[in-house]
Amino acid sequence: MNTSTLMPLDEAVISSTIQAGSEVEERPTTHPADAGDKPLHHLTEDPRYIGKSVERPSARKLVQGQGTYIDDIELPRMAHVVYWRSPVAHCRIKGIDASAARGMPGVILVADGHDIAKVCKPWVAVLGHLAGMKSAPQYPLALDRACWQGEPVVAIVAETREQAEDALQLLQVDIEELDPVVDMETALDASTPLIHPELGDNLCFTRSLNVGEVDDAFANADAVVETTFEFGRHTGVTLEPRCQIAEWNSADQKLTVYHSFQAPHMMQDLYARQFDLPESHVRVLCKDVGGSFGIKVHAYPDDFATVALSIMCKRPVKFVADRLESFTSDIHARHHRVKARIATRKSGEILAFEMDDLTGIGPYSMFPRTSAIEGNQVVNLVGGPYKHKHYRAQLKVVFQNKTPTCQYRGVGHPIACAVTEGLVDQAARAIGMDPLEFRKKNVIPDDAYPATGASGIKLEVLSHEACLRKIEQMMDYPKLKAEIEALREKGIYRGIGFAALIELTNPSAAFYGVGGARIASQDGCTIRLDPSGALSVSVSVGEQGQGNDGIYRQIAADAVGVDLEMVRLVLSDTDVTPYGGGTWASRGAGVGGEAVLLAGQALRANIVKTAAVILKRDAAELTIRRGKVVDAKTLEPALDFTELGRIAYFRSDTLPNDFTPELMVTRHYAQRDYPFIFTNGVQASYVEVDPDTGFVKLLKHWAVEDCGRVINPKLVDEQIRGAIVQGIGGAMLEECLYDDRGLMINASMADYLVPMSGEMPDIEVAHVQTPTRSSQLGAKGAGEAGTAGAPAAVMNAINDALSPFKAQCWSQPLTPQKILQALGKV
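The rules behind the values
Residues numbered from 1 in each chain as written. Predicted model: local features only at pLDDT ≥ 70, side-chain atom pairs only at ≥ 80, totals over all residues. Heavy atoms only, no water. Helix = DSSP H or I, 4+ residues; strand = E, 2+ residues; numbered from the N terminus. Buried < 20%, exposed > 50% of the residue type's maximum accessible area, 1.4 Å probe, protein only. Contact = heavy atoms within 4.5 Å. Areas by Shrake-Rupley, 256 points an atom, 1.4 Å probe, with all protein chains shown as cover. Lys, Arg positive; Asp, Glu negative; His and termini not counted. Charge placed at Lys NZ, Arg CZ, Asp CG, Glu CD. Core = buried A, V, L, I, M, F, W, Y, C linked by side-chain atoms within 4.5 Å. Axes fitted to C-alpha atoms, helices over the stretch in contact; angles between N-to-C directions. Left-handed = near helix turned anticlockwise from the far one by under 90°. Nonpolar A, V, L, I, M, F, W, Y, C, P; charged D, E, K, R; others polar. Salt bridge = Lys/Arg side-chain N within 4 Å of Asp/Glu carboxyl O. pLDDT = per-residue confidence, 0-100. Pairing = 2+ DSSP bridges. Arc of directions from axis to C-beta. Polar contact = N/O pair within 3.5 Å; in protein donor to acceptor, adjacent residues only side chain to side chain. Expected span 1.5 Å × (residues − 1). Parallel < 35°, antiparallel > 145°, perpendicular 65-115°, else oblique.

Asker: When you look at the overall build of the protein chain in this model, what are you seeing that I'm missing?
Answerer: In terms of helices and strands, the protein chain carries 20 helices and 32 strands. C-alpha extents for the protein chain along the principal axes are approximately 85 × 75 × 50 Å. Considering the protein chain as a whole, with its 826 residues, one finds that 64% of them fall into the buried category. Looking at the protein chain alone, contacts between residues at least 24 apart form 81% of all its contacts between residues at least 6 apart. Carbon and sulfur atoms make up 50% of the accessible area of the protein chain, which amounts to about 29000 Å² in all. The distance from the centre of the 82 positive side-chain charges to the centre of the 105 negative ones in the protein chain is 3 Å.

Written out as structure tokens, the structure is:
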């Protein structure tokens, strides 16, 4: 069992974490003028809420215990399912004796993989634009072999969860254990058994990229630094585990799934296809969701099995994963070994990067987004912030008999950023240049955009130079450096680490749609003016705790021109909301928010048009202020929304025959200008390392973030702080540990370490705002940048603290054992 690297902080530091505020700087952009750099009056004539820290509507409900989560929902005749999961990493299923289990009180059905396969089709998770990718067909329940510890094999449905659990104890499954593929380093060796012989090898996907003259760049470099970086598997540990209720109405032939999920329309499409149902006969709705982090954006085998069981039983079936099974059934992520090097001149110019990434996934690629995207992102993002022209990368994604891996908060960014920034720090040290100055010299200049990165990524507009200046001022870098030198004379070893980062947000169809995955890149909003003068706003992007409900209310209120309290939201229901992609890839503000803005502007125009007809005036003479139609010049009230609503809805006989009020509008938005809209930032970490114990104290963390237009500063700040904490968890604490038989040995909250508040530093956040030109709102994403940069900054700070000992540690999580090994003490 790994032990925590961290020392607890004193209470003053803990309290300051909560109180720390943020600064916001609006940076004028240098490329051609467009909507993005205009003041907020280009969005609405009376801006009151966009850019303000307004309370989100769900906050009070949730803190008072009034939320509705899946386990709070009770339906008539509802049954409960539990799953017998493989206790080993690889086995042949020789026989199942369920006779005793079937005889237990309350048991309704015991089903195995062959039973479920009669109802649900198998799937193969590949994407067409990832050339050569392969995976084996997968079923909801294992048929003849189980390929990882935790794979569902048998389902037991009973009247209560307790009865199903009791029956599970009497289930007899005869298995023959098979040799597992555990070590990704040997997964492709000729002597290693094949997990799926029909695939020919254990290689899921490979990619090579070679840009510029890499060999010449390294041959002519003044300094070359090479390092092997290791990243441990970890998982999301959401507060609410994965869960759902599937309700099959056999009379109507309709399926309703109550889900704790991120992309309802995606699942509606998958249920329709896997069960051969008309899409119009499938409804997916999400109430309150207790955290996701990407864990809940994938289609799991037990998810499809639960739906199949509801169809078989013709009644609602609830599945709620317990914490123990979550560790081996929820996706894992970030298991990479990266050998990388950097070439630089003595003058400080970065010439080239080269890297070889080996990542182990599971026995199957995850459906439908696949398990190759994370590694593919690492290839795209290494070296991202810098202006070098030479880059070579090799990626191998290999199958293992371990829990499948897939997209998790940051999706490749923490690996790519740690590799890039770790090399940058080492290169600066090799030529004797300050690491902050080295970054200033090499980041793409703020006035050089739009630009193309060495890997081919298209960068619209970033602000690394402005971010570096701001963070240097925030942390008082010269003073900290002097403090570190003075303390080292006293035997106290502190260090500073930086990380310049990019984060892809607002993805276009180039992410999934181009590969054949039916995952929408657009999102939609329907806004209706009610007779009371209130707004009903329906959005296809849901709320998972990040505050989407808050910003949509702000945008709608400003776009139409009403008080915030007059806006009511409906989210995450495929029967009600417009079609859309949902919440993932930091797209809630940039894509969903833009749809809300467009719908609000359209409704505003329709309200003015209706008022002009009622008042028999020219529409150009009218505008809207705070729930009233007013004279555009004098702002004198002309017509209240409630009176307009009364006439439009109940007295249409008073209106001209050729005019019909249109007081409900729908607008969609998809970002099409770039494959992704990149955000950027810089983080810095200040740590103290005890060379005798290997323990680390996190003293302070700074983040300067440019996520375009900041809609709600407090929400953005807390998103960044939360993501930083999650990134620190991966860098120092979290790892899914396996033995040589492929069994996870720390699959409980007693043994799997997560960040605790008493160990976290004060996190100071500031902003530079460079709005994107791809939308009127100008918002980019902000939900994952903290996770992307924190591991690199903390890792570099620890290695800076270890530099007097000429020791380095590049294996995450950076545990006390690893630090002591680097120091040669164990």
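Anyway, onward from the coordinates.
Asker: Explain the nonpolar core to me, please; I cannot follow it from the model alone.
Answerer: Soluble, globular proteins show a tendency: their nonpolar side chains are buried together. By size, the foremost hydrophobic cluster in this structure holds 171 residues, and its most contacted members are Y271, F304 and I798. If one sorts the elements of this core by residue count, helix α19 (residues 785-802) sits on top with 10 residues. Discounting residues that sit within four places of it in the chain, Y271 has contacts with Q244, L255, V257, H259, D276, L277, V282, V284, D303, F304 and V307.

Asker: For this particular structure, what's the right way to read the packing of helix α10 (residues 373-381) against helix α11 (residues 413-431)?
Answerer: The relative placement of two packed helices comes down to the angle between their axes together with the axis-to-axis distance. Contact pair α10 / α11: the axes reach a minimum separation of 8 Å and the direction vectors enclose 35°. Of the two possible hands of crossing, α10 and α11 adopt the one that is right-handed. Here E374, Q377, V378 and L381 of α10 come into contact with α11, specifically with H413, I415, A416 and T420. Its residues assigned to classes, the contact of α10 with α11 shows four nonpolar, three polar and one charged.

Asker: Looking at this structure, I do not really get the environment of G783. What am I missing?
Answerer: Structurally, G783 can be placed in the loop between β31 (762-769) and α19. According to the relative accessible area criterion, G783 is buried, its value standing at 13%. A C-alpha to C-alpha distance of 9.2 Å links G783 and W584, two positions 199 residues apart in sequence. Non-local contacts of G783, meaning those with residues more than four positions away in its chain, are made with R409, E503, S586, Q719 and A723.

Asker: Can you walk me through the pattern of salt bridges in this structure?
Answerer: According to the stated counting rule, one finds 51 salt bridges in the structure shown. In this structure, the salt-bridge partner of D179 is R741, at a minimum N-O distance of 3.8 Å. Of this pair, D179 sits in the loop between β7 (172-177) and β8 (203-211) while R741 is found in the loop between α18 (713-732) and β31, placing the two residues 562 residues apart along the sequence. Residue classification places D179 among the exposed positions, given a relative accessible area of 52%. Given a relative accessible area of 31%, R741 falls into the partly exposed group. Connected through salt bridges with shared partners, the residues R85, R161, E165, R242, D302, D322, E325 and D330 form a single ionic network.

Asker: Can you walk me through the confidence of the model for the protein chain in this structure?
Answerer: Parts of the prediction with low pLDDT should not have their coordinates interpreted in detail. Confidence along the protein chain averages 94 in pLDDT terms, with 95% of residues attaining 70 or more. Residue range residues 1-5 is modelled with pLDDT below 50. Its contacts to residues more than four positions away, or to other chains, number 29 contacts. Across residues 7-21 the pLDDT falls below 50, and counting only partners more than four positions away or on other chains, this stretch makes 30 contacts in the model.

Asker: Explain unusual backbone geometry here, please?
Answerer: Leave glycine aside and you will find that most residues have negative phi; peptide bonds, for their part, are mostly trans. Across the junction of F367 and P368, the peptide omega takes the value -5°, indicating a cis bond. Relative to the elements of secondary structure, P368 occurs in the loop between β17 (350-360) and α10. Although it is not a glycine, K314 sits at a positive phi angle of roughly 60°. Residue placement: K314 occurs in the loop between α8 (301-313) and β14 (317-320). Located in the positive-phi region is D476, a residue other than glycine, with phi close to 50°. Along the chain, the position of D476 falls in the loop between α13 (464-475) and α14 (477-488).

Asker: Which parts of the structure should I look at to understand the sheet that holds strand β5 (residues 145-146)?
Answerer: Pairing between the strands of a sheet is mediated by backbone hydrogen bonds and can be parallel or antiparallel. Ordered in space as β5-β3-β7, the three strands form an open sheet in which the pairing is antiparallel. A single partner strand is all that each edge strand has here, and the edge strands are β5 and β7. Both strand β3 (residues 91-97) and β7 contribute to a ladder of six bridges, which runs antiparallel. Bridge pairing in β7 places C91 opposite E177.

Asker: Whenever I open this one, the sheet that holds strand β6 (residues 152-158) confuses me. Can you help?
Answerer: The sheet built from seven strands is open, its strands ordered β4-β6-β2-β14-β11-β12-β13 with mixed pairing. With one partner strand each, in any of the chains shown, β4 (107-112) and β13 (282-285) form the two edges of the open sheet. For this sheet, the mean inter-axis angle between neighbouring strands, taken without regard to orientation, is 20°. Here helix α5 (residues 161-168) sits on the sheet in contact with β2 (79-85), β4, β6 and β14, set at roughly 30° to β2. Relative to the sheet, α8 contacts β2, β4, β6, β11 (243-249), β12 (254-259) and β14, its axis offset from that of β11 by approximately 30°.

Asker: I would appreciate a short explanation of helix α12 (residues 435-442) in the present structure.
Answerer: Three- or four-residue spacings in an α-helix give side chains the same orientation, since the helix completes a turn every 3.6 residues. Burial in α12 covers these residues: L436, F438, R439 and N442. Along α12, the residues classed as buried sweep out an arc of 160° about the axis, all on the same side. The distance from a side-chain oxygen at the start of α12 to the backbone nitrogen of L436 is 2.9 Å, and the residue carrying that oxygen is D434.

Asker: Just to check I follow, could you spell out helix α15 (residues 548-560) for this structure?
Answerer: An ideal rise of 1.5 Å per residue puts 18 Å on 13 residues; α15 measures up with 18 Å between its terminal C-alpha atoms. Burial of α15 is extensive: 13 of the 13 residues sit out of reach of the surface. Count one or two residues on from α15 and you reach G561, which has phi positive near 105°.

Asker: Hey, could you run me through the packing of helix α7 (residues 264-274) against α8 in this one?
Answerer: Where α7 contacts α8, the two axes come as close as 12 Å, and the packing angle between them is 60°. It follows from the interaxial angle that α7 and α8 lie oblique. The hand of the α7/α8 crossing is right-handed. Counted together, M267, L270, Y271 and Q274 of α7 and D303, F304 and V307 of α8 form the full contact between these two elements. Residues that form the contact of α7 with α8 fall into these classes: five nonpolar, one polar and one charged.

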